[in-house]
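Single-letter residue listing:
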Amino acid sequence: MSQFTDLSRINVKGGDGGAGCMSFRREAHVPKGGPDGGDGGRGGDVIIEASAQLSSLIDYRYKHHFRAERGTHGRGARKDGRDGEDLILKVPVGTVVRELDPETQEPLFEIADLTRDKERVIVAPGGAGGLGNTHFVTSVRRAPAFAQLGEPAQEHWIELEMKLMADAALVGFPSVGKSSLIARMSAARPKIADYPFTTLIPNLGVVRAGEYSYVVADVPGLIEGASEGKGLGHQFLRHIERTALIMHVVDITGGFEGRDPVEDYRIINEELRRYASELADRPQIVVANKCDVSGMENRVAALKHAAIEDGHRFFAVSAVTGAGLNTLMLACGEQVAELRRALEAEAPAEALDDHWEQRRRARERRFQVVCEEPGAFRVIGTQVERLVVQTDWENEEALIYLQHRFARMGVDDALEKAGCRPGDEVRIVGRAFIFEGAEEMDEDSDDGILEEDASTEESVD
């Protein structure tokens, strides 16, 4: 039996960065050789890449920890360390990647939504390699006796959620004939039986009708209360979010319970609306199935009236005899083609990979200042913390350089805005130091070796 996995949580860690080298040129007849320390290699990234060849997240069902290769240390004679190899993890097209809270394992924010083949996002960047002492030469610092340490990569948990990438989704109560319809419309061969919840995983089928070709998903049956998680509601409803067109299948006979088709139609639409309000506005085609049964004329007329009143197209079909299916398939193909053209016209011009990378870098630049207790403040932020862990705290020159970098990034100013005063304690990662007040920046300062975007978002508790 094939397994279908559409939600996985994994732990990812980029490779640690290699340390920069503090070295001076030493040669015969060269009494004052300058600094020649090489840079450490950057650690490898962990990258999530969408692949059209995959249909589930089964690869992450049993293995949950993934690590990229570390960078090597720099050496003398300006020899840089080697960068670590990236680790590429492939997922199905339609996978949403989210950051998880390390304690509660609840989603914090969306990292990326991978909707195209070969689209990628870096989920665990490798640690930056430390700079060798050659980078810290200035007009007033001719022989810097320090280099940067390599940056340890961050380890964290992420959630992978696969949502089917179908053009149309067959939705409705259990046993209304969705599996029979997809079997008739396509080459899909789902399990079909005359009892509820025969379908427990979504089935995909490619429909070809005239000049049109599109993908239809047979989503397992919904029940009243599915939007609140009853049955397997949330697991099934997530797959409908992706589809451009909803094919709402109603059993015109009312099934074993003799339900009212119009009431069934209303209940499922209400569940869609409650789960995600935009689903109520999603293009919908209403399909009355099992119309080959005699004596259903009044029921068909009542459902048709309700569908048209809501602005939906209506088709009466029979999955058993095939009656009305060709007309339905052509109409769906035409509407899917129109929706595709509209989506392509709205597609952003920029490369999606660049979009996700820009979002990641923007998150890294942000920092916040939090007052943990009277006279003690903590600075939290990826870029700020990176500078601290890359600093050799036994080297006075390195500490002076760090102080200048903080001033240029606006950390000192943010601390003062948060109420930090000279003599208060400032904590960053596992280090603490005494705040001496915001530093007056001089344009001719010997700082300025590492030019970075110092834009920040400060929040003060």
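In what follows, the structure referred to is the one given above.
The numbering scheme is per chain: residues are counted from 1 as the chain's sequence reads. Local features are withheld for residues below a pLDDT of 70 in this predicted model, meaning they are given only at 70 or higher, and side-chain atom pairs are given and counted only at 80 or more; totals for whole chains, interfaces and linings count all residues. Excluding hydrogens and water, the side-chain figures rest on all heavy atoms present in the structure.

S.K.: What is the right way to look at the pattern of salt bridges in this model?
M.R.: Salt-bridge detection follows one rule: a side-chain nitrogen of Lys or Arg within 4 Å of a carboxyl oxygen of Asp or Glu. In total, this model carries 23 salt bridges according to the counting rule given. Linking Glu270 and Arg273 is a salt bridge whose minimum nitrogen-to-oxygen distance equals 2.5 Å. Of this pair, Glu270 and Arg273 both sit in helix H3 (residues 261–275), three residues apart, which is roughly one turn of that helix. Throughout this description, buried means an accessible area under 20% of the type-specific maximum (1.4 Å probe, protein chains only), exposed means over 50%, and partly exposed covers the range between. For Arg273, a relative accessible area of 39% translates into the label partly exposed. Its salt-bridge partner being Glu364, residue Arg360 comes within 2.6 Å of it at the nearest N-O pair. Here the residue Arg360 and the residue Glu364 both occupy positions in helix H6 (residues 352–365), the gap between them amounting to four residues, near one helical turn. Per the convention used, a helix needs a DSSP run of H or I reaching at least four residues, while a strand needs a run of E reaching at least two, with both numbered from the N terminus.

S.K.: Explanation requested: the environment of Arg360 in the structure shown.
M.R.: Taking relative accessible area as the criterion, Arg360 reaches 9% and is therefore assigned buried. As a C-alpha pair, Arg360 and Ile122 span 238 residues in sequence and 8.1 Å in three-dimensional space. Throughout, a contact is declared for two residues whenever any of their heavy atoms are within 4.5 Å. Once residues lying within four places of it in the same chain are set aside, the contact partners of Arg360 are Ile122 and Pro125.

S.K.: Just to check I follow, could you spell out the side chain of Ser23 for this structure?
M.R.: Tracing the chain through its elements places Ser23 in the loop between strand E1 (7–13) and strand E2 (46–51). Each polar contact in these results corresponds to two N or O atoms within 3.5 Å; when the atoms are within protein, one needs to be able to donate a hydrogen and the other to accept it, and residues that are neighboring in sequence are counted only if both atoms are side-chain atoms. Engagement of the side chain of Ser23 in a polar contact is seen with the side chain of Asp36, the distance being 2.7 Å. What Ser23 contacts, discounting residues up to four positions off in sequence, is Pro35, Asp36, Gly37, Gly76 and Asn133.

S.K.: What is the right way to read the packing of aromatic side chains from this model?
M.R.: Each aromatic ring pair is summarised here by two numbers: the centre-to-centre distance and the angle between the ring planes. Each aromatic pair joins two rings of Phe, Tyr and Trp (for Trp, the six-membered one) with centres within 6.5 Å, and gets the label stacked for planes under 30 degrees apart, edge-to-face for over 60, and tilted for any other angle. Counted according to the given criterion, the structure contains six aromatic pairs. Considering the side-chain rings of Tyr60 and Phe66, the 5.6 Å spacing of their centres and the 70° angle between planes classify their relative orientation as edge-to-face. Look at Tyr60 and you get buried, because its relative accessible area is 5%. Grouped by ring-pair contacts, the aromatic residues Phe136, Phe146 and Tyr401 constitute a single cluster. Charge over a ring is defined by NZ of Lys or CZ of Arg lying within 6 Å of the ring centre and within 35 degrees of the ring normal. Directly above the ring of Phe173 sits Arg259, whose terminal nitrogen or CZ lies 4.7 Å from the centroid.

S.K.: Would you mind going over the layout of surface pockets with me for this structure?
M.R.: Empty space among the atoms becomes apparent when a probe as large as a water molecule is rolled across them. In the cavity and pocket records, a cavity denotes points on a 1 Å grid over the protein atoms alone where a 1.4 Å probe fits but cannot get out, a pocket denotes an open set with protein on both sides within 12 Å along at least 5 of 7 lines, and lining residues are residues with an atom within 4 Å of a point. Grid points are joined across faces, edges and corners, and a volume is the space filled by probe spheres set on the points. Put simply, the second largest pocket is a space of about 800 Å³. If you trace the second largest pocket, you find 26 residues lining it, with Glu99, Phe109, Gln154, Arg363 and Thr382 closest to the centre. Breaking the lining of the second largest pocket down by element, the ones donating at least two residues are strand E5 (95–100), strand E6 (107–114), strand E7 (120–124), strand E8 (155–162), H6 and helix H7 (382–389). Residue classes follow a fixed rule: Ala, Val, Leu, Ile, Met, Phe, Trp, Tyr, Cys and Pro count as nonpolar, while Asp, Glu, Lys and Arg count as charged, and any other residue, Gly among them, counts as polar. Across the lining of the second largest pocket, the residue classes tally to 11 nonpolar, six polar and nine charged.

S.K.: I tried to follow the pairing of E6 on my own but got confused; where do I start?
M.R.: Looking along a regular strand, one sees side chains alternate from face to face of the sheet. Judged from the six bridges that link them, E5 and E6 form a sheet pairing that is antiparallel. Each residue of the ladder has a partner; that of Thr95, found in E6, is Leu114. Linking E5 back to E6 in an antiparallel pair, the connection comprises six residues, with Gln105 at a positive phi of about 60°. Here, strands pair whenever DSSP counts at least two bridges between them.

S.K.: Teacher, can you tell me more about empty space enclosed by the protein here?
M.R.: The final tally for this structure, using the stated rule, is four cavities of 30 Å³ or more. Here the largest cavity is characterised by a volume of approximately 60 Å³. Considering the residues around the largest cavity, the lining is formed by Phe146, Ala147, Gln148, Leu387, Gln390, Thr391, Asp392, Ala398, Tyr401, Leu402 and Arg405. Tallying contributions element by element places helix H8 (residues 396–409) first for the lining of the largest cavity, with four residues. Taken as a whole, the second largest cavity encloses approximately 50 Å³ of empty space. Pro125, Gly126, Gly127, Glu151, Pro152, Ala153, Gln154, Glu364, Thr382 and Arg386 are the residues that line the second largest cavity. By residue class, the composition of the lining of the second largest cavity is three nonpolar, four polar and three charged.

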